[in-house]
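Structural overview for review
Okay, here's what each chain looks like letter by letter:
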Amino acid sequence: MTITAPDIDKSTKPVKAKRGGVIGNTGLYLATGVAALLFLIPFYLIVRNAFMTDPEITGEEWKWFPTAIQWGNIAEPFNDPTVDFARSLWNSVVVAVLHTAGILLICSLAGYGLARIPYRHANKVFYAVLATLMVPTAVTFVPSFVLVSSLGWVDSYRGLIIPGLFSGFTCFLFRQYFLGFPKELEEAARVDGLGYWGAYWRVVVPNSLNFFAAMATITFINGWNSFLWPLVIGQDPSAWTVQVALSSYMTNQTVNYHLIFMATAISILPLIFVFLFLQRWLVQGIAQTGIKG
């Protein structure tokens, strides 16, 4: 009996593993980890100094962690008689939330109108909006303050919120996004008898929540971190936002380090919560804008 070897398909070639795959992924993860550590260093320093005493913070010997965690530092910003820190936090919440809602509504409507409503001067209006981006903020700061002061809006939410309810850059982003929005959905809304407002509110907005979440996150952070305009408009301590309150802890005579760091740690908690809550939609929304990092 003759035993023959099984036929071997000579056309089958061995698959070679890519040598650069594992090394490349390892390098990518390593670079990402190093970048994450670098970004987390400021947060580590804030939390570390917030639970230390002033001598430990300013001492010559470096300490990675407090010798004894000063839990009592948490209540100090709220017990400070010179600054109503709780009121400043509430002012920042009101200003940032209303500022975000107003900008999303106004800029999205403007962007949708420029992208979808046929108008012979639409391009001219769009170029005028872009031209506002080239005007330095310092040029419009004094006229804006004079206008707000003449209206009696100093030390009020109206003065803090209304002048910033339009952003040329946000309007530009919304227009670019709506230009790429599927027209078929809007045409179906037209068949159902909806006008531009109905198509915008009942079709476009529900299908653009990712992009709206991305814009809301960026706008909220900008509104929360705003300092110069609230400093000028909020002349009375009762109208201070949290950023203005933080600046009051540092004077020419004294600097209370642990109080500044604890107040800072408390003030960034809302931003962290907003980012964590909207993180999924933020990543998807930025991807839809076409912005590449």
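Residues numbered from 1 in each chain as written. Predicted model: local features only at pLDDT ≥ 70, side-chain atom pairs only at ≥ 80, totals over all residues. Heavy atoms only, no water.

**As for the layout of surface pockets**
Filter applied, for reference: Any residue with an atom within 4 Å of a point lines the site, the site being either a cavity, points on a 1 Å grid over the protein atoms alone where a 1.4 Å probe fits but cannot get out, or a pocket, an open set with protein on both sides within 12 Å along at least 5 of 7 lines. Grid points are joined across faces, edges and corners, and a volume is the space filled by probe spheres set on the points. Numbering of helices and strands runs from the N terminus; a helix is a DSSP stretch of H or I covering at least four residues, while a strand is a stretch of E covering at least two. In this classification, Asp, Glu, Lys and Arg are treated as charged, Ala, Val, Leu, Ile, Met, Phe, Trp, Tyr, Cys and Pro as nonpolar, and every other residue, Gly included, as polar.
Of the voids in this model, the largest pocket is the one considered here, and its volume is about 1,200 Å³. If you trace the largest pocket, you find 31 residues lining it, with Thr137, Pro163, Gly164, Phe166 and Ser167 closest to the centre. Those elements that provide at least two residues to the lining of the largest pocket are α4 (85–116), α6 (137–150), α8 (168–179), α11 (209–225) and α12 (228–233). At five residues, the largest contribution of residues to the lining of the largest pocket is made by α11. Of the voids in this model, the second largest pocket is the one considered here, and its volume is about 360 Å³. Residue lining of the second largest pocket: Phe39, Leu40, Phe43, Ile46, Ile221, Thr264, Ile268, Leu271, Ile272 and Phe275, and that is the complete set. When residues of the lining of the second largest pocket are traced back to their parent elements, those giving at least two are α1 (19–50) and α14 (257–289). Counting residues per element, the lining of the second largest pocket draws most heavily on α14, at five residues. Of the residues belonging to the lining of the second largest pocket, the class tally is nine nonpolar, one polar and no charged.

**Examining the packing of α4 against helix α10 (residues 196–204)**
The criterion, for reference: To obtain each axis, a line is fitted to C-alpha atoms, and for helices this fit is confined to the stretch in contact; angles are then taken between N-to-C directions over 0 to 180 degrees. Take the far helix as your reference; a near helix turned counterclockwise from it by less than a right angle gives a left-handed crossing, and one turned clockwise gives a right-handed crossing. By definition in these notes, contact holds between two residues if any of their heavy atoms fall within 4.5 Å.
Contact pair α4 / α10: the axes reach a minimum separation of 11 Å and the direction vectors enclose 115 degrees. Crossing angle aside, the handedness with which α4 passes α10 is right-handed. Residue-level contacts link Leu105, Ser108, Leu109, Tyr112 and Arg116 of α4 to Tyr196, Trp197, Ala199, Tyr200 and Val204 of α10.

**Some points on the pattern of salt bridges**
This is how the line gets drawn: Just to be clear on terms, a salt bridge is a Lys or Arg side-chain nitrogen sitting within 4 Å of an Asp or Glu carboxyl oxygen. Think of it in three bands: residues with accessible area under 20% of the maximum for their type are buried, residues over 50% are exposed, and the middle band is partly exposed, with areas taken using a 1.4 Å probe on protein chains only.
The tally for this structure, following the rule as stated, stands at one salt bridge. Glu186 is the salt-bridge partner of Arg116, the closest N and O atoms lying 2.5 Å from each other. Of this pair, Arg116 sits in helix α4 while Glu186 sits in helix α9 (residues 183–191), and the two are 70 residues apart along the sequence. We note that Arg116, like Glu186, is buried.

**Description of the nonpolar core**
This is how the line gets drawn: Note on terminology: a nonpolar core comprises buried Ala, Val, Leu, Ile, Met, Phe, Trp, Tyr and Cys residues joined through side-chain atoms within 4.5 Å.
Judged by nonpolar contacts, the single largest core of 24 residues is most densely connected at Tyr112, Phe174, Phe178, Phe211, Phe212 and Met215. Among the elements of the structure, α4, α5 (122–132), α8, α10 and α11 are those that each provide at least two residues to this core. At six residues, the largest contribution of residues to this core is made by α4. One finds Phe220, Ala245, Tyr249 and Leu271 within the second-largest nonpolar core, a separate group that totals 20 residues.

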